[in-house]
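Residue-level structure breakdown
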Amino acid sequence: MVKCSVIYEAVKDSLTMAQVEKRGGLLRKSSAYKKPLKEKVVLMYDEIFMTEDPSKCSPRFWEELFLMKVNLEYLEGKLESLDGEELMKIKDNINCLFQHCIQALGEEHPIRVVNALQTLCALIRGVHQKNKSTSGFDIINMLMGFDKAELCMKNLMESLDSLLCAEGSESLKSLCLKLLLCLVTVTDNISQNTILEYVMINSIFEAILQILSHPPSRREHGYDAVVLLALLVNYRKYESVNPYIVKLSIVDDEATLNGMGLVIAQALSEYNRQYKDKEEEHQGGFFSALTNMVGSMFIADAHEKISVQTNEAILLALYEAVHLNRNFITVLAQSHPEMGLVTTPVGPAPATPATPLGTTPPSSDVISSVELPLDADVQTSNLLITFLKYSSIVMQDTKDEHRLHSGKLCLIILTCIAEDQYANAFLHDDNMNFRVNLHRMPMRHRKKAADKNLPCRPLVCAVLDLMVEFIVTHMMKEFPMDLYVRCIQVVHKLLCYQKKCRVRLHYTWRELWSALINLLKFLMSNETVLLAKHNIFTLALMIVNLFNMFITYGDTFLPTPSSYDELYYEIIRMHQSFDNLYSMVLRLSTNAGQWKEAASKVTHALVNIRAIINHFNPKIESYAAVNHISQLSEEQPWTGKIPHATEQLSPCTRTTEPMF
């Protein structure tokens, strides 16, 4: 699974609040004649960091504090500057501040509520930053005290739930979500965040669903709500009963599920748009003109410069929705105008903190654009198409650990989709044809496909294209074995559905067969290097069994009889690769070594392929000798004196044991 720290860092980057005050909180620097002048709120913070109760000398201290504009930077910096002993001395004052913040959330005056929310954010972040090495229980004690923790968190969650569900200020709702995200993401490992036990007990699940089901709220807060839900679902999901998992799995409200799908689609579309803009900018620059003059020898290096930061948080949300809720599968096929093609009025953007590309939520203009009526000239799209385009970008470069985890999560999501009966039904539906423009890695030996020449096909063709593209472009020194295994599993699950339902898909299967054979050749040519790190026989067995599936069950899902001819042609044309594979696994299976058992399985799986090769090769060689042909074309072996492939060969062995 994707490392939680990667996701949390991306979320934390988007939570930074705009600061205008100086860290020291000074309104005037000291000089020879004047003392330094501090903001009143800073002076009040200084009183809190004393050992005495600040309300003793000033009974209205807490009332006045929440009328002052919060200086987040100073408050967090002050907490960070204290050592452990100093922090423990002011524990009572921090507890008191935390409790008064919660009380202020119930005030009618919005300024008090806003300042209380911001102060809570600063307190939670500051105490966690200072106590990273300590246990979660110590942090709970520091913030609110063990004896009052349960009541404090109950009141806090009830207040946040009320603010989120009320028809009040949208900025207040935004701050509530920021506070909750801050609470969830203060630790690198979410399962070590003990405070979330109280969030599990006092659920805000219904408030999140209300935001997603209500279009105006979704436009403003949908991104934060979806990310928050995804993170809460992952809290100790394998260790205890997580109420958010249970509730998400049974959601069946169409408006809520569609709202969640729209938020995810918009975030992925924004990433795709940013990547496309960067790609076009890169292609139109000086480097592009230079490579056009001197050739494309540096094309791979040039491509590496096109980088947009991935959005693991939204990917995690998509995975949890697809994995946990079967009703969400229908959302994948909901058609809408392609978001990148819909023009929206451009207005002045509000001031927001700088965040990495790809991690910021889409603007409300972009979000509302998908609710425009369909236009005949606008290409229709859906969440699955958007996700496939996103995956085609992310999976191009797996050398970077960040993208490697994103690519893995993309393949896990595709596996969940390929396992679902309903998802397979619309993937293979001939009445649902789309033009899916997948991004392809620039390579010296192939030209870039023109976008306009893409045909409209069932969506399963785009999934298979993506898998073939991955197989072809990732045969490298740092071999991503786990990703390859998942990729082959996706193909296998799709074939199983086609076999079971007798779906004859009109697809260029030869591209898949060729990619699989080239992958086998790569495994053999790098046997020594790869075996030191991976069990390559697991992957080899999966590839061979895919061919066995085509050979033994192809009559149920291959589109035409000539497809069998093409299959046999590819096997015989590349017979040397299969012969070499057999020699390699035979050698290792007859030795009493580490790989004996794994290699033996591949040896047995090659029976059908070797039967085809041993049957046809002598006949083809005889035909070539009689007709004095040194090199046969693709058509020649199957004409005239050589009968149809399926007629000549005795029925192949149909293995009953599972392929994977």
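Everything numeric in this text was worked out from a predicted model, so none of it was measured.

Next up on the list: the overall build of the protein chain. Looking only at helices and strands, the protein chain has 33 helices and six strands in total. Across the 660 residues of the protein chain, 53% fall into the buried class. Taking as baseline every contact in the protein chain between residues at least 6 positions apart, the subset at least 24 positions apart corresponds to 77%. Total accessible area on the protein chain is roughly 31000 Å²; 53% of this is exposed by carbon and sulfur atoms.

The subject of this paragraph is the nonpolar core. If you look at the biggest cluster of nonpolar residues, it comprises 210 residues, and the most contacted ones within it are Phe-328 and Phe-537. Considering every element that reaches this core, the biggest residue donor is helix 28 (residues 536–553), with 13 residues.

Another aspect to go through is empty space enclosed by the protein. A complete count under the given rule lists three cavities of 30 Å³ or more for this structure. If you add up the space inside the largest cavity, you get close to 70 Å³. If you go around the largest cavity, the residues you meet are Ser-392, Met-395, Gln-396, His-439, Met-441, Leu-466, Glu-469, Phe-470, Thr-473 and His-474. Per-element accounting of the lining of the largest cavity gives the leading share, four residues, to helix 24 (residues 459–473). For the lining of the largest cavity, the per-class residue count stands at four nonpolar, five polar and one charged. Lining the second largest cavity, in full, are Phe-434, Val-436, Leu-454, Pro-455, Arg-457, Pro-458, Leu-459 and Ala-462. Among the secondary structure elements, those contributing two or more residues to the lining of the second largest cavity are strand 6 (457–458) and helix 24. In terms of residue class, the lining of the second largest cavity is made up of seven nonpolar, no polar and one charged.

It is worth spelling out the pattern of salt bridges at this point. Applying the stated criterion across every chain, the model contains 22 salt bridges. Glu-197 is paired through a salt bridge with Arg-236; the nearest N and O atoms lie 2.8 Å apart. Separated by 39 residues along the polypeptide, Glu-197 in helix 11 (residues 196–201) and Arg-236 in the loop between helix 13 (215–233) and helix 14 (243–249) bring together distant segments of the chain. For Arg-236, a relative accessible area of 21% gives the class partly exposed.

The next subject is unusual backbone geometry. Leaving glycine out, the prevailing phi sign among residues is negative, and the prevailing peptide bond configuration is trans. Phi is positive for Arg-236, which is not a glycine, with a value near 45°. You will see that Arg-502, though not glycine, has its phi angle at about 55°, which is positive. Within the secondary structure, Arg-502 sits in the loop between helix 25 (481–501) and helix 26 (509–525).

Next up on the list: the environment of His-100. Along the polypeptide, His-100 turns up in helix 6 (residues 91–104). Each C-alpha atom of the pair His-100 and Leu-120 lies 10.0 Å from the other, and the pair is 20 residues apart in sequence.

Right, let's get into helix 28. Over its 18 residues, helix 28 extends 26 Å from the first C-alpha to the last, a length consistent with the 26 Å expected when each residue adds 1.5 Å. Summarising burial for helix 28: 16 of the 18 residues are buried, a large majority.

On to the packing of aromatic side chains. What describes a pair of aromatic rings is the distance from one ring centre to the other and the angle between the planes of the rings. Going through the model one piece at a time under the given rule, you end up with 17 aromatic pairs. Seen in terms of ring centroids, Phe-205 and Tyr-244 are 6.2 Å apart; in terms of plane orientation they differ by 65°. Their pairing is edge-to-face. Note that Phe-205 is positioned in helix 12 (residues 205–213) and Tyr-244 in helix 14, a separation of 39 residues in sequence. Each member of the pair, Phe-205 as well as Tyr-244, is classed as buried. Centre to centre, the rings of Trp-509 and Phe-557 are 6.5 Å apart; their planes meet at 65°, and the pair counts as edge-to-face. Taken together, the residues span a long stretch of sequence, with Trp-509 in helix 26 and Phe-557 in the loop between helix 28 and helix 29 (561–573) at a distance of 48 residues. Both residues of the pair, Trp-509 and Phe-557, belong to the buried class. Counting every residue linked through ring pairs, the aromatic cluster contains Tyr-507, Trp-509, Trp-513, Phe-550 and Phe-557. Above the ring of Tyr-553, the side-chain terminus of Lys-499 is found at 4.7 Å from the ring centroid. Arg-610 extends its terminal NZ or CZ atom over the ring of Tyr-582, reaching a point 3.7 Å from the ring centre.

As a further point, take the packing of helix 6 against helix 9 (residues 146–165). Interaxial distance between helix 6 and helix 9 falls to 9 Å at its minimum, and their mutual angle equals 30°. Classified by the angle between their axes, helix 6 and helix 9 sit roughly parallel to one another. Crossing handedness for the pair helix 6 and helix 9: left-handed. In contact with Phe-98, Gln-99 and Ile-102 of helix 6, helix 9 contributes Lys-148, Cys-152, Asn-155, Leu-156 and Ser-159.

For Met-432, the position within the fold is in the loop between helix 23 (421–427) and strand 5 (433–434). As for Met-432 and Leu-459, which are separated by 27 residues in sequence, their C-alpha atoms are 7.5 Å apart. For Met-432, the residues in contact, after removing those within four places along its chain, are Ala-333, Phe-426, Arg-457, Pro-458 and Leu-459.

Time to look at the confidence of the model for the protein chain. This prediction gives the protein chain a mean pLDDT of 81; 77% of its residues lie at or above 70. Scored below 50 in pLDDT, residues 295–305 shows 14 contacts in the model against residues more than four places distant or in partner chains. Contacts from residues 364–378, a stretch scored under 50 in pLDDT, to residues over four places away or in other chains number 28 contacts.

Rules used in this analysis
- Residues numbered from 1 in each chain as written.
- Predicted model: local features only at pLDDT ≥ 70, side-chain atom pairs only at ≥ 80, totals over all residues.
- Heavy atoms only, no water.
- Helix = DSSP H or I, 4+ residues; strand = E, 2+ residues; numbered from the N terminus.
- Buried < 20%, exposed > 50% of the residue type's maximum accessible area, 1.4 Å probe, protein only.
- Contact = heavy atoms within 4.5 Å.
- Areas by Shrake-Rupley, 256 points an atom, 1.4 Å probe, with all protein chains shown as cover.
- Core = buried A, V, L, I, M, F, W, Y, C linked by side-chain atoms within 4.5 Å.
- 1 Å grid on protein atoms, 1.4 Å probe; cavity = no way out; pocket = protein on both sides within 12 Å on 5 of 7 lines; lining within 4 Å.
- Points joined across faces, edges and corners; volume = space filled by probe spheres on them.
- Nonpolar A, V, L, I, M, F, W, Y, C, P; charged D, E, K, R; others polar.
- Salt bridge = Lys/Arg side-chain N within 4 Å of Asp/Glu carboxyl O.
- Expected span 1.5 Å × (residues − 1).
- Phe/Tyr/Trp six-rings, centres within 6.5 Å; stacked < 30°, edge-to-face > 60°.
- Lys NZ or Arg CZ within 6 Å of the ring centre and 35° of its normal.
- Axes fitted to C-alpha atoms, helices over the stretch in contact; angles between N-to-C directions.
- Parallel < 35°, antiparallel > 145°, perpendicular 65-115°, else oblique.
- Left-handed = near helix turned anticlockwise from the far one by under 90°.
- pLDDT = per-residue confidence, 0-100.

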